[in-house]
Each structure stands twice: as structure tokens, then as C-alpha cells.
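Next come the chains, spelled out residue by residue.
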Amino acid sequence: ILHLTLTGAYPMEPEARRPSFLRSDVFQSIKNKSSAEKLRFHTGPLEQVGQELVRDNGRFDIVGMSNILDMTTPGEAQSLVSSVRECIEPGGILLARWVSQPEALRAILENCDLQIDDDLTSRLHTAETSLFMSGVCAGIVCERVAATN
């Protein structure tokens, strides 16, 4: 959001208008310097990367989405949350933060068949004193029941 305010452009604008940490040359430099075997970089559309990670590692117990939804419209946010939901084990948690539209986050998670954990969400709000935590919501992935005819 700060980048947008200062430059008038979203970070996914052409390379020259991106903040330095999103430029491909900087990313490649960081990747080349990393010798840690456990540090793996995954790039590409979130929907595709998520499917690849699940294929290679199985579903996850917890996924955090922070500062991802802020660059999306509500429709795009719902599509991303829906894709990420498919990467999480039943009973697992999606912690999502949407600073620019916190009032829409709860409905989007619910529309993606996530049960809002009001207690955890409240505890997150209480524990964090920054201005940005009001945009956090915790959703639990529930078992989907097959439709009967």
C-alpha cells in the first residue's frame, strides 16, 4: 500500500516500477546467496505453486496469507483464498490478513467454506497492537460433505 501511495503503481507493474525487493534481479541475487538447503523459493501464480507444493509435500496444517490479498480485488481475493483452501488439511487453519479491505475478509473466507474461528481471531487481535491486525481472520477448513441426489 505504501508503495502504491508513493509511486502510484501496484508492485506487479512493469519491472522498472516495482520496489527493489520485487525485482527479478534482486530476487535472483538473494536466491543465489542462499546456501540453506531448507530454503526453497517458489515463484509463479499462487494457484499453480500451491498445487505443486501439495503434490510434492501433501496438504498443510496451517497457511498464512499476509499482504497478498491487498493487491487484489474482492473477486481475485476470493479466487486466491479458494485455491489456498485446497492446500490445507481438513481441520487446518488459514490465517489471512487483508489490510485494505478487512471488512470483506470474513465473508470471503466463509464463501470459500472456511469456518471462522472467532476465538482465535479475537486472540490474534488482542495479542497484536499494530494498526494492521484488524484485518486478520482465522478460518478452519472443514470436511466437505458430498452432495446427495
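Please read these numbers as outputs of a predicted model, since none were measured by experiment.

Draft legend 1. Molecular detail of the overall build of the protein. Along the backbone of the protein there are 6 helices and 4 strands. Walking the protein from its N terminus toward its C terminus, one meets helices and strands in the order α-α-α-β-α-β-α-β-α-β. The 149 residues of the protein split such that 29% are buried. Residue pairs at least 24 apart in sequence account for 62% of intrachain contacts in the protein once pairs closer than 6 positions are excluded. Surface exposure of the protein reaches about 9700 Å², of which carbon and sulfur atoms provide 54%.

Draft legend 2. A look at the environment of Ser66. Within the secondary structure, Ser66 sits in strand β1 (residues 60-66). A relative accessible area of 39% means that Ser66 is categorised as partly exposed. For the pair Ser66 and Gly135, spaced 69 residues apart in the sequence, the C-alpha separation amounts to 9.7 Å.

Draft legend 3. Fine view of the sheet that holds β1. Taken in spatial order, the 4 strands make up an open sheet running β1-β2-β4-β3, and their pairing is mixed. Both edges of this open sheet fall to β1 and β3 (114-116), since each of them pairs with a single strand only. Put simply, the sheet's adjacent strands are angled 25° from each other on average, direction ignored. Alignment of strand β2 (residues 88-97) against strand β4 (residues 136-141), held across 5 bridges, turns out to be antiparallel. By the bridge assignment, Arg97 is partnered in β4 with Val136. Its contacts with the sheet put helix α6 (residues 118-127) on β2, β3 and β4, and the angle it makes with β4 is roughly 150°.

Draft legend 4. Region of interest: the pairing of β1. In terms of strand pairing, β1 meets β2 through 6 bridges, oriented parallel. When the bridges of β2 are listed, Val63 appears paired with Leu94. Taken together, β1, helix α4 (residues 74-85) and β2 form a β-α-β motif whose crossover is right-handed.

Draft legend 5. Main features of the packing of α4 against helix α5 (residues 102-111). Orientation of α4 relative to α5, taken along the N-to-C sense of each, is 45°, at an axis distance of 9 Å. With respect to α5, the element α4 is oriented oblique. For the crossing formed where α4 meets α5, the hand is right-handed. In this structure, α4 uses Pro74, Ala77, Gln78 and Val81 to contact α5, whose residues at the interface are Ile108, Leu109 and Asn111. Here the contact of α4 with α5 is composed, by residue class, of 5 nonpolar, 2 polar and no charged.

Draft legend 6. View of the side chain of Asp70. Mapping Asp70 onto the fold places it in the loop between β1 and α4. Nearest to the buried, unbridged Asp70 among oppositely charged side chains is Arg97, at 5.5 Å. A polar side-chain atom of Asp70 sits 2.9 Å from the main-chain amide nitrogen of Val99.

Quick notes on the rules
Numbering of residues begins from 1 in every chain and follows the order in which that chain's sequence is written. Whole-chain, interface and lining totals are the exception, using all residues; otherwise, since this is a predicted model, local features are given only for residues with pLDDT of at least 70 and side-chain atom pairs are given and counted only at 80 or more. The basis for every side-chain value is the complete set of non-hydrogen atoms in the structure, without hydrogens or water. Numbered from the N terminus, helices here are DSSP runs of H or I no shorter than four residues, and strands are runs of E no shorter than two. Buried residues are those whose accessible area, probed at 1.4 Å on protein chains only, stays under 20% of the maximum for their type, while exposed residues exceed 50% and partly exposed ones sit between those limits. A contact between two residues is defined here by any heavy atoms of the two lying within 4.5 Å. Note on areas: these come from Shrake-Rupley sampling with a 1.4 Å probe, and a residue is covered only by the protein chains present in the view. Any two strands between which DSSP finds at least two bridges are classified as paired. Orientation is described by axes fitted as lines to C-alpha atoms, over the contacting stretch for helices, and by angles from 0 to 180 degrees between their N-to-C directions. With the strands pointing away from the viewer, any crossover whose connection runs clockwise from the first strand over the helix to the second is right-handed. Throughout this description, any angle smaller than 35 degrees is read as roughly parallel, any larger than 145 degrees as roughly antiparallel, any in the 65 to 115 degree range as roughly perpendicular, and the remainder as oblique. We call a crossing left-handed when the near helix sits turned anticlockwise from the far one by less than a right angle, and right-handed when that turn is clockwise. Residue type decides the class: Asp, Glu, Lys and Arg count as charged, Ala, Val, Leu, Ile, Met, Phe, Trp, Tyr, Cys and Pro as nonpolar, and the leftover types, Gly among them, as polar. Residues scored as positive are Lys and Arg, those scored as negative are Asp and Glu, and His as well as the terminal groups of each chain are ignored. Definition used for salt bridges: Asp or Glu carboxyl oxygen within 4 Å of a side-chain nitrogen of Lys or Arg. Here a polar contact means two N or O atoms within 3.5 Å. Within protein one must be a hydrogen donor candidate and the other an acceptor candidate, and residues neighboring in sequence count only if both atoms are side-chain atoms.

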